[in-house]
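# A closer look at the structure
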Amino acid sequence: MPDVFVNYRTGDEESVATMIARELIRRFGGERIFFASNSIEPGHRFPVELVRAVEECEALLAVIGPRWAEVRGADGRPALEVEQDWTRREIQTALDRGILVIPVLVGKATRIDRAVLPDDLRELADCQYRRFDHRNAESDLTALGDTLARLLPELGAKDRDARAARERTEAKSRKKSAQDAGHIRMRTRDVEQRVRGGIGNLNGDLSGTFVNEPQGPVNTGPGHQYNAPHFEGDNTGVQFTAGDNSGTVHQRFERERRRSDDGR
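The notes below deal with the structure included here. It should be emphasised that the depicted structure is a prediction, and the values quoted were computed from it without experimental measurement.

Rules used throughout
Residues numbered from 1 in each chain as written. Predicted model: local features only at pLDDT ≥ 70, side-chain atom pairs only at ≥ 80, totals over all residues. Heavy atoms only, no water. Patch = residues over 30% accessible without salt bridge, like charges linked within 9 Å, V, L, I, M, F, W, Y side chains within 5 Å. Areas by Shrake-Rupley, 256 points an atom, 1.4 Å probe, with all protein chains shown as cover. Salt bridge = Lys/Arg side-chain N within 4 Å of Asp/Glu carboxyl O. Lys, Arg positive; Asp, Glu negative; His and termini not counted. Charge placed at Lys NZ, Arg CZ, Asp CG, Glu CD. Helix = DSSP H or I, 4+ residues; strand = E, 2+ residues; numbered from the N terminus. Buried < 20%, exposed > 50% of the residue type's maximum accessible area, 1.4 Å probe, protein only. Core = buried A, V, L, I, M, F, W, Y, C linked by side-chain atoms within 4.5 Å. Contact = heavy atoms within 4.5 Å. 1 Å grid on protein atoms, 1.4 Å probe; cavity = no way out; pocket = protein on both sides within 12 Å on 5 of 7 lines; lining within 4 Å. Points joined across faces, edges and corners; volume = space filled by probe spheres on them. Nonpolar A, V, L, I, M, F, W, Y, C, P; charged D, E, K, R; others polar. Axes fitted to C-alpha atoms, helices over the stretch in contact; angles between N-to-C directions. Parallel < 35°, antiparallel > 145°, perpendicular 65-115°, else oblique. Left-handed = near helix turned anticlockwise from the far one by under 90°. Pairing = 2+ DSSP bridges. Phe/Tyr/Trp six-rings, centres within 6.5 Å; stacked < 30°, edge-to-face > 60°. Lys NZ or Arg CZ within 6 Å of the ring centre and 35° of its normal. Polar contact = N/O pair within 3.5 Å; in protein donor to acceptor, adjacent residues only side chain to side chain.

Another aspect to go through is a positive patch on the surface. Together, Lys-158, Arg-160, Arg-163 and Arg-166 give the surface a local cluster of positive charge. Checked against the element boundaries, Lys-158 lands in the loop between α6 (153-156) and α7 (160-199). Looking at Lys-158, the relative accessible area reads 39%, which means it is partly exposed.

Moving on to the nonpolar core. Membership of the largest hydrophobic core comes to 25 residues, with the highest contact counts inside it found for Phe-5, Ile-91, Leu-117 and Leu-124. Of all the elements in the fold, those that place two or more residues in this core are α3 (46-56), β3 (59-64), α4 (86-96) and β4 (100-106). Once residues within four sequence positions are removed from consideration, Ile-91 is found in contact with Asn-7, Leu-60, Ala-62, Trp-68, Leu-121 and Leu-124.

Moving on to the layout of surface pockets. By volume, the largest pocket amounts to about 360 Å³. If you go around the largest pocket, you meet 22 residues; those closest to its centre are Tyr-8, Arg-9, Thr-10, Trp-86 and Thr-87. Residue assignment for the lining of the largest pocket shows that the elements contributing at least two residues are β1 (4-7), α3 and α4. Classifying every residue of the lining of the largest pocket by side-chain character gives twelve nonpolar, five polar and five charged. Ile-64, Gly-65, Pro-66, Trp-68, Ala-69, Glu-70, Ala-109, Thr-110, Arg-111, Ile-112, Asp-113 and Val-116 are the residues that line the second largest pocket. Its residues placed into classes, the lining of the second largest pocket shows seven nonpolar, two polar and three charged.

Running from amino to carboxyl end, α3 crosses α4 at an angle of 30°, the nearest separation of the two axes being 9 Å. Here α3 is positioned roughly parallel relative to α4, judged by the angle of their axes. Helix-helix and strand crossings are classified by hand; for α3 and α4 the assignment is right-handed. Contact residues: Phe-46, Pro-47, Leu-50, Val-51, Val-54 and Glu-55 in α3; Trp-86, Arg-89, Glu-90, Thr-93 and Ala-94 in α4. Class assignment of the residues belonging to the contact of α3 with α4 gives a composition of seven nonpolar, one polar and three charged.

The next subject is the sheet that holds strand β5 (residues 130-132). Spatially, the five strands line up as an open sheet ordered β2-β1-β3-β4-β5, and their pairing is parallel. Single-partner strands in this sheet number two, and they are β2 (33-34) and β5. Relative to β5, β4 runs parallel, the two sharing three bridges. What sits directly across from Leu-105, in β5, is Arg-131. Against the sheet, α4 contacts β1, β3 and β4, and its axis sits at roughly 145° relative to β1.

Bringing the packing of aromatic side chains into the picture now. Per the stated rule, a full pass over the model turns up three aromatic pairs. On the basis of an interplanar angle of 15° and a centroid distance of 4.8 Å, the ring pair of Phe-5 and Phe-34 is categorised as stacked. Taken together, the residues Phe-5 in strand β1 and Phe-34 in strand β2 connect sequence positions 29 residues apart. The residues Phe-5 and Phe-34 share a single accessibility class, namely buried. For Arg-9, the ring lying beneath its charged end belongs to Trp-68, and the centroid distance is 5.8 Å. The cationic tip of Arg-89 hangs over the ring face of Trp-86; the distance from NZ or CZ to the ring centre is 3.9 Å.

Along the chain, Glu-90 falls in helix α4. In this structure, Glu-90 is buried with no salt-bridge partner, the nearest side chain bearing the opposite charge being Arg-89 at 8.1 Å. Side-chain polar atoms of Glu-90 contact the side chain of Asn-7, separated by 2.6 Å. Leave out the neighbours within four places in its chain, and Glu-90 touches Phe-5, Asn-7, Leu-50, Val-54 and Leu-60.

Contact geometry for helix α1 (residues 14-28) and helix α5 (residues 137-151): axes closest at 10 Å, N-to-C directions at 55°. What the angle tells us is that α1 and α5 run oblique. Seen along the crossing, α1 lies across α5 with a hand that is right-handed. Within the contact between the two elements, α1 uses Met-19, Ile-20, Glu-23, Leu-24, Arg-27 and Phe-28 and α5 uses Ala-137, Leu-141, Thr-142, Leu-144, Gly-145, Asp-146, Leu-148 and Ala-149. The class makeup of the residues in the contact of α1 with α5 is nine nonpolar, two polar and three charged.

In structure tokens, the structure reads:
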């Protein structure tokens, strides 16, 4: 069952109707869009197929160009005035059944003039329309497709463009997550290297707090405090500070100085 029926008049912007149908078929799938020249199989009776498709669709697009009301039939009369005119019958059927009808005004076509419409199509003049301009064909086709996807949820569920957009967003999200994880691993590695370079190898229970280059006693709360080596003055000694929150223990190892005056 088609969701959208593309209605147009031969001799008035049928090329635009073809463009619209092709774009909608690309985006939503051929089974969802009815376009007479594509949707009716050879040998099938087109009057029956047209009526069935209109009656079963959810929305009808009436493609209307500048000559839509002026095209004449074989008898010389304006085709719109003939009750059996298929363009007229399709729109009339959709209006009578309460189907969503969206006029698509092409090019220089202005708002539909109620005065040129037969009585059974007067309601068409009240329907909100969309515009299509060849200069803005791509954006106008996109806007028309977006409108249909929003108004017809079942059709929107088949929207290939929306699915592709979601997949791109998900791919970007996965890439960002991978990059963030890589940055975290790099930072973790950097911290580990700084710790190893600052305090050397520590064995046993390393729970507590590591402080790099302490400038004095530091109270860090419960647990041991490990301070990286701090070099002071000349190279005559090294001070290593360790302890917990109860205080700080200083151990200083100095090189023995040879002093001739104390005999040591």
